[in-house]
Amino acid sequence: MIYQSTRDPALTASAAEAILRGPAPDGGLYVPSSLPDLRPALPKLLTLDFQGMAAAILQALLPDFTTDEMTALVRSAYTGRFETADVTPTVPVGDDYILELFRGPTSAFKDVALSILPYLMTASQQKCGVTDPVLILTATSGDTGKAAMAGFRDVPGTRIIVFYPHGGVSEVQQAQMTTQEGGNICVCAVRGNFDDAQTAVKEIFASDLPLRLSSANSINIGRLAPQVVYYFKAYADLLRLGRVKLGDPVDFAVPTGNFGDILAGYLAKRMGLPVGTLICASNRNDVLADFLRTGVYDKNRPFYKTVSPSMDILVSSNLERLLYLMSGDAALTAALMAQLRTEGRYEVPADLLARLQADFFPGRCDDEQTKAAIGDVWRAHHYLCDTHTAVAWRAAQAYKAARPGTAPVVVLSTASPYKFPAAVLEGLGGSSSGDGFDLIDRLHALTQVPVPENLRGLRDKAVLHRDVTDIADMPAYVLKKAGEKEWNA
Ligand SMILES: *Cc1c(COP(=O)(O)O)cnc(C)c1O
């Protein structure tokens, strides 16, 4: 199995080359030429622990690496880094299940993939005989940046620059990023939103700067592949709980922004996991919900700042991979992406829309509904969820109302409630006046839910990164930083 661009199957790469590059040279995204069929392996695979499952699934998706190599990478990445040994626990909440993906070092689901991406990157450098350093450029809607820096901190042969939207992340998210230590770390706010920053980063990739660049966003297959693992893990948990028999479908509700997390669920399904419906949950930035209803993707609409800022995205990069994987048509994918670039909109053919609708169900939720869901879940089940999780929770309830009596629903929980304490407190009926750190304390006093270790000491950490740039100046900023021998000196 090789990787190829979504826009041109002749542009191929090995898994290691794809990880080193990030996006494909034509601006497309790397996808596997064929997906491994894990159905024969399921009875055994689903009895393994998280690390065993991860090694097997990642080896199948990234076949440059031997099973022994992958087992060693997985062990280094996950041992002792998460709050629970099983990395991503599944918790019953009412009739549903919450898949907790936020138990890692920075309290967001990005940790699951970004704990292992640095190991995959270093191993890929060795496999490809690359000795010059890799400069990782990352645009973040708030959580990728911190998780990527925590993962790449002081990893030899790598440097990382993170761009985040100025005023577009929560106070806690911003403090997490601007206090990050490490000699290979650079953080810069940009005057613009996530879409602006991500578009500018993609243009830098396409612009032939004399630098070896890679990405820690989910446009990198090395970021996406590890996210497939927890769908298998959740299914295994439901098997163990006796909630399903092997072969029964399970539905997943996913709070969606850049479409990476939910695409991983689709990959799991194509690899043979009995995934039923993938519920695609949007906040008020509901471009995906409209797309799944009508087949028209139209980013020409107002951009809203919401209480689930990590999903404030109007250009969902990984949708490109889905269009290609569903249509198998690189020319169509390239044409749609060209139209998106020039007109900001495209429409998929009716047969493709029908196939999308067979696998995906759209849900949307505004800020008031998000906060109400947080209060409802807390009062009914004594479970405290974050704003993004609440969006997915509500979408799951809407789905069950529309299609009653179907499979169990697993709601993916993507962040700790303590990353968004203001909106969570409001959801519980409390006051949200005061700074983010006071609000963490108040939320804890109110709920007694433990505060994650990494957020506890945040208030006292020194701010190390204060740079701000305009979107147009991002390429110059990257060149300037790349020319500096030492950072944070
Ligand atoms: C990144 C993020 C999302 C969206 O995930 P995508 O893969 O971009 O769709 C949802 N919730 C949280 C908390 C996130 O950090």
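Residues numbered from 1 in each chain as written. Predicted model: local features only at pLDDT ≥ 70, side-chain atom pairs only at ≥ 80, totals over all residues. Heavy atoms only, no water.

Draft legend 1. Fine view of the overall build of the protein. Counting its regular elements, the protein contains 21 helices and 16 strands. Principal axes of the C-alpha set define a box for the protein whose edges measure 55 × 50 × 45 Å. The proportion of buried residues among the 489 residues of the protein is 60%. Long-range contacts, defined as pairs at least 24 residues apart, comprise 76% of the intrachain contacts of the protein with a sequence gap of at least 6. Total accessible area computed for the protein in this model is approximately 17500 Å², and 51% of it derives from carbon and sulfur atoms. Across the protein, the mean location of the 46 positive side-chain charges is 1 Å away from that of the 53 negative side-chain charges. (Helix = DSSP H or I, 4+ residues; strand = E, 2+ residues; numbered from the N terminus. Buried < 20%, exposed > 50% of the residue type's maximum accessible area, 1.4 Å probe, protein only. Contact = heavy atoms within 4.5 Å. Areas by Shrake-Rupley, 256 points an atom, 1.4 Å probe, with all protein chains shown as cover. Lys, Arg positive; Asp, Glu negative; His and termini not counted. Charge placed at Lys NZ, Arg CZ, Asp CG, Glu CD.)

Draft legend 2. Fine view of the site of the ligand. If you check the shell around the ligand, you find 15 residues, and the closest are Lys 110, Asp 143, Gly 257, Asn 258 and Thr 414. The backbone of Phe 259 places a nitrogen or oxygen atom 3.0 Å from an oxygen atom of the ligand. At a separation of 2.8 Å, a nitrogen atom of the ligand approaches a polar side-chain atom of Thr 414. Expressed as a share of its isolated accessible area of 380 Å², the protein-covered part of the ligand is 98%. For the ligand, the cavity whose grid points lie within 2 Å of the majority of its atoms is the largest cavity. Class assignment of the residues belonging to the shell around the ligand gives a composition of five nonpolar, seven polar and three charged. (Near = heavy atom within 4 Å. Polar contact = N/O pair within 3.5 Å; in protein donor to acceptor, adjacent residues only side chain to side chain. 1 Å grid on protein atoms, 1.4 Å probe; cavity = no way out; pocket = protein on both sides within 12 Å on 5 of 7 lines; lining within 4 Å. Sits in = over half its atoms within 2 Å of the grid points. Nonpolar A, V, L, I, M, F, W, Y, C, P; charged D, E, K, R; others polar.)

Draft legend 3. Seen up close, the pattern of salt bridges. Applying the stated criterion across every chain yields a total of 30 salt bridges. Asp 290 is paired through a salt bridge with Arg 301; the nearest N and O atoms lie 3.0 Å apart. Of the two residues, Asp 290 sits in helix α12 (residues 287–294) while Arg 301 sits in the loop between β12 (296–298) and α13 (319–327), which places them 11 residues apart along the sequence. We classify Asp 290 as buried; its relative accessible area is 19%. On the accessibility criterion, Arg 301 (23% relative accessible area) is partly exposed. Of the charged contacts in the structure, one is a salt bridge between Glu 453 and Arg 456, with a shortest N-O distance of 3.5 Å. Here the residue Glu 453 and the residue Arg 456 both occupy positions in helix α20 (residues 453–456), the gap between them amounting to three residues, near one helical turn. The exposed category is assigned to Glu 453, whose relative accessible area is 60%. (Salt bridge = Lys/Arg side-chain N within 4 Å of Asp/Glu carboxyl O.)

Draft legend 4. The arrangement of the pairing of strand β6 (residues 134–139) in detail. A large share of β6 lies buried, amounting to six of its six residues. As judged from the six bridges shared by β6 and strand β7 (residues 158–165), these two strands associate in the parallel manner. Along β7, the bridge assignment pairs Thr 138 with Val 162. Between β6 and its parallel partner β7, the chain crosses via helix α7 (residues 144–152), and the hand of that crossover is right-handed. (Pairing = 2+ DSSP bridges. Right-handed = clockwise from strand over helix to strand, strands pointing away.)

Draft legend 5. Broad picture of the sheet that holds strand β1 (residues 3–5). The sheet built from three strands is open, its strands ordered β2-β1-β3 with antiparallel pairing. Looking along the sheet, the strands with just one partner apiece sit at the ends: β2 (8–13) and β3 (30–32). The average undirected angle you get between the axes of adjacent strands in this sheet is 45°. As paired strands, β1 and β3 are joined by three bridges and run antiparallel to one another. Counterpart to Ser 5 in the pairing with β3 is Tyr 30. (Axes fitted to C-alpha atoms, helices over the stretch in contact; angles between N-to-C directions.)

Draft legend 6. The arrangement of the environment of Ile 221 in detail. Within the secondary structure, Ile 221 sits in helix α10 (residues 221–240). Sequence separation between Ile 221 and Ala 147 is 74 residues, and the spatial gap between their C-alpha atoms is 17 Å. What Ile 221 contacts, discounting residues up to four positions off in sequence, is Tyr 3, Ala 18, Ile 19, Tyr 30, Pro 226 and Arg 321.

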